[in-house]
Amino acid sequence: MADFPDVRLHVVTGKGGTGKTTVAAALALALASDGRRVLLAEVEGRQGIAQLFDTPPLPYEERSVAVAPGHGDVVALAIDPEQALLDYLHMFYKLSPNGIPARTLRRMGAIDFATTIAPGMRDVLLTGKVKEAVVRQTGSGPVYDAVVLDAPPTGRIGRFLNISHEVSGLARVGPIKTQSEGVMAVLRSPQTAVHLVTLLEEMPVQETLDAVAELEGLGMPVGGVVVNAVRTPRLSPLQLEEAGAGRLDTAALADGLAEAGVTAEGDLLVALEQEAYDHAQRVALEERGRDALAGLARPSYELPLLPDAVDLGGLYALAASLREQGMA
Amino acid sequence: MSAPTSPRLDVDHTLETARIVVCCGAGGVGKTTTAAALALRAAERGRRVVVLTIDPARRLAQSMGLSELDNTPRPVVGVQGTGRLDAMMLDMKSTFDELVVEHAEPGKADAILTNPFYQALSSSFAGTQEYMAMEKLSQLQATGDYDLVVVDTPPTRSALDFLDAPQHLTTFLDGRLVRVLLAPAKAGGKAYLKVVTAGLSVFTSVLTRIIGADVLKDLSQFVAALETMFGGFRERAQATYDLLKAPGTAFVVVAAPERDALREAAYFVERLATEQMPLAGLVVNRVHRSGAASLSVERSLAAAQQLPEGSLASSVLLLHADRLALAGREARLQERFSRAHPDVPVVQVEAKPGDVHDLDGLRSVGDDLAGALPLAPEGLAAEAG
């Protein structure tokens, strides 16, 4: 049984450099298993999804990027604010993107204005498109079983999701307010979960703790914590303790090396000891990070560090791991 | 093909001669720490330095042992030598407010500061942060209190958006949209639609329908109030742009030895070249090295297999193989960057087991920045191949 059976919108955030795009993609693949259809969306114009799936840059169009085990389907979309606005005008005001009013708006610079200069509007458009994908229906039910959003990093996630606050000062009544309230209702509902991706390093862990507090304060449904790029310690707990305290049994080490035909003397032995010491320090630091994250009492998942840059094969392995751990 | 040899980034020369150092790069590469380490090193070499960070996570505060950073430069305690180091965190909104008060016509400032559009623009608009950082930078530079200003930029591509600020303002000001928005305010704030000329009525009725008459009114008043100060804004933006281009400014691009971070670094390097902005070079942070590189990955793995699993020697050999393989991957990634950008000077900073959060840690990073680490260890990239 998966941990988030009722969630249809999975928002994935994390500090820069923690691999949130990779985790979002792996989660989408995991959710798409057993014949389900999942939309993976990005909003920052980085084309991170295309790079990960090794496809040409994504247009503003939903297209299949991967199949999941059991005939599942991952569809990707790079949401662009300008296109989202034209889309919105088309959907709600029946203005064709090529019709005279839309063209006039564009010529006047209004599209540019609304998407780059008008504060808050941009995020309403981006999250509005995500919400539209979540609630979109065909005759027989929702078009997507789940939507995974590769969201802005933790430093901006609160503002990004709390759009009704961002536009409330601007639009007290009228269509923008109505739209932002509709989006907000979905974001705050049990249909949504905001997951945090972190590494076992001090600053990413701290930002994760801060982001959880901020999101909870805003009434956003916090989901799980995904610890990325986890390395299994090479040394046993006892060896780690000795290495960390600088009490490594160097005689035993030298003997063992000699037994395997490696002549390790002087500098080489010192260098190997140093590596064991660094490793012990690092493992201790990771343990402290794990303890701090455990204090959040959220479902937590660990993904291994992949030896090479993540490719499609690696993504499937990460997706399988998330499924085994019950995230999807 | 022989491995490319990048010129070494001479950090100490930059720190001695530059008046402004701008650090840019992707998120999570240690940019803030690099900025702080550069600033501390310059200060301890006798200069009067201020470091400005924009990061909302207060990472600079952590790495400098400061508990509070506000919009005022605060002295960093524990700096050695005759120089001085101040640190500050950008308060975007109050910087913007000061700018408005300075440039608005008498009596107009309040109307702007209380307008909902201004309040949203000054506190949440993504581009405002970069723009205000550059504004603060030129203010700090103009005080004459500092020999060197070090700036840490936001962790996004938009970190370079400030380069477009003069252009953005000009396009916006000269745009027809502004003229439409100004129409009702100029007519004395009477009923909006009536005052607009017939040619624009299609446009405004669409606009009203979409964003609502109420919003349009606020927006119109905001633009009208701002119009008076745009000239001053534009001039300032242009002056900052010129300052960044002038000799005395040095851009330092920061990356981690990872594919995505180096790709972002390449983007920054190319963008700066396009703008003819002075690039000092690339800092590759958190590089792994091994003092036992003579013991190859293959040999370590083979030797480990001959020993009982979990024995000390076997574990240490596997650990060493991991580390050397990682170092090899990093070296190859950096080599790829250097092939594409052979003229960009590079310096490497070694990965530390823990995060840096005190001045000693920053000094140690500073030593690496000044070239303590040999740039291209012999055959490392090939070794682990």
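Here the structure is a predicted model, which means the values were calculated and not measured.

### A look at the confidence of the model for chain B
Residue and element names in this part refer to chain B.
- The pLDDT averaged across chain B works out to 81; a share of 75% of its residues lies at or above 70.
- Across residues 188-199, where pLDDT falls below 50, the model places 13 contacts with residues more than four positions away in sequence or in other chains.
- In this model, residues 381-385 is a region of pLDDT below 50 whose contacts with residues beyond four sequence positions or in other chains number 13 contacts.
- The complex prediction reports pTM at 0.85, with the ipTM value standing at 0.82.

### Examining the sheet that holds strand β10 (residues 300-304) of chain A
All names here are of chain A.
- With respect to topology, eight strands assemble into an open sheet ordered β3-β4-β2-β7-β1-β8-β9-β10, the strand pairing being mixed. Bordering the open sheet on either side are β3 (63-68) and β10, each of which pairs with just one other strand. The sheet shows a mean angle of 25 degrees between the axes of neighbouring strands, direction not considered.
- Looking at chain direction, strand β2 (residues 37-42) and strand β4 (residues 72-78) are connected through six bridges and run parallel. Across the sheet, Ala 41 pairs through a bridge with Leu 77, a residue of β4.

### Things to note about the pattern of salt bridges
- In total, this model carries 35 salt bridges over all chains according to the counting rule given.
- Between Arg 46 of chain A and Glu 44 of chain A there is a salt bridge, and its shortest N-O distance comes to 3.7 Å.
- Where Arg 271 of chain B meets Glu 275 of chain B, a salt bridge forms, and the shortest distance between an N and an O atom there is 3.0 Å.
- It is possible to trace a salt-bridge network through shared partners that takes in Lys 20, Glu 44, Arg 46, Asp 150 and Arg 156 of chain A.

### As for the side chain of Glu 275 of chain B
Residue and element names in this part refer to chain B.
- On the secondary structure map, Glu 275 appears in the loop between α13 (259-274) and β7 (279-287).
- Classification of Glu 275 as buried rests on a relative accessible area of 14%.
- At 2.6 Å, the side chain of Glu 275 forms a polar contact with the side chain of Tyr 241.
- Polar contacts involving the side chain of Glu 275 include one to the side chain of Arg 271, which spans 3.0 Å.

### Quick notes on the nonpolar core
- Leu 149 and Leu 161 of chain A together with Val 21, Leu 282 and Leu 369 of chain B are the most contacted members of the largest nonpolar core, which totals 142 residues.
- Ranked by residues supplied to this core, first place goes to helix α2 (residues 31-44) of chain B with eight residues.
- Dropping the residues within four chain positions of it, Leu 161 of chain A is found in contact with Val 11, Met 184, Leu 187, Val 194, Leu 215 and Met 220 of chain A.
- Counting 40 residues, the second largest nonpolar core, distinct from the first, contains Ala 28, Leu 40, Phe 53 and Val 310 of chain A.

### What to know about the packing of helix α14 (residues 297-305) of chain B against helix α15 (residues 312-340) of chain B
All names here are of chain B.
- In contact at an axis separation of 8 Å, α14 and α15 are set at 160 degrees when each is read in the N-to-C sense. When the axis of α14 is compared with that of α15, the two are roughly antiparallel. Crossing angle aside, the handedness with which α14 passes α15 is left-handed. Residues Val 297, Ser 300, Leu 301, Ala 303 and Ala 304 of α14 touch α15, and the partners they reach there are Ser 314, Leu 317, Leu 318, His 320, Ala 321, Leu 324 and Ala 325.
- Here the contact of α14 with α15 is built from residues that sort into nine nonpolar, three polar and no charged.

Quick notes on the rules
- Residues numbered from 1 in each chain as written.
- Chains lettered and ligands numbered in written order.
- Predicted model: local features only at pLDDT ≥ 70, side-chain atom pairs only at ≥ 80, totals over all residues.
- Heavy atoms only, no water.
- pLDDT = per-residue confidence, 0-100.
- Contact = heavy atoms within 4.5 Å.
- Pairing = 2+ DSSP bridges.
- Helix = DSSP H or I, 4+ residues; strand = E, 2+ residues; numbered from the N terminus.
- Axes fitted to C-alpha atoms, helices over the stretch in contact; angles between N-to-C directions.
- Salt bridge = Lys/Arg side-chain N within 4 Å of Asp/Glu carboxyl O.
- Buried < 20%, exposed > 50% of the residue type's maximum accessible area, 1.4 Å probe, protein only.
- Polar contact = N/O pair within 3.5 Å; in protein donor to acceptor, adjacent residues only side chain to side chain.
- Core = buried A, V, L, I, M, F, W, Y, C linked by side-chain atoms within 4.5 Å.
- Parallel < 35°, antiparallel > 145°, perpendicular 65-115°, else oblique.
- Left-handed = near helix turned anticlockwise from the far one by under 90°.
- Nonpolar A, V, L, I, M, F, W, Y, C, P; charged D, E, K, R; others polar.

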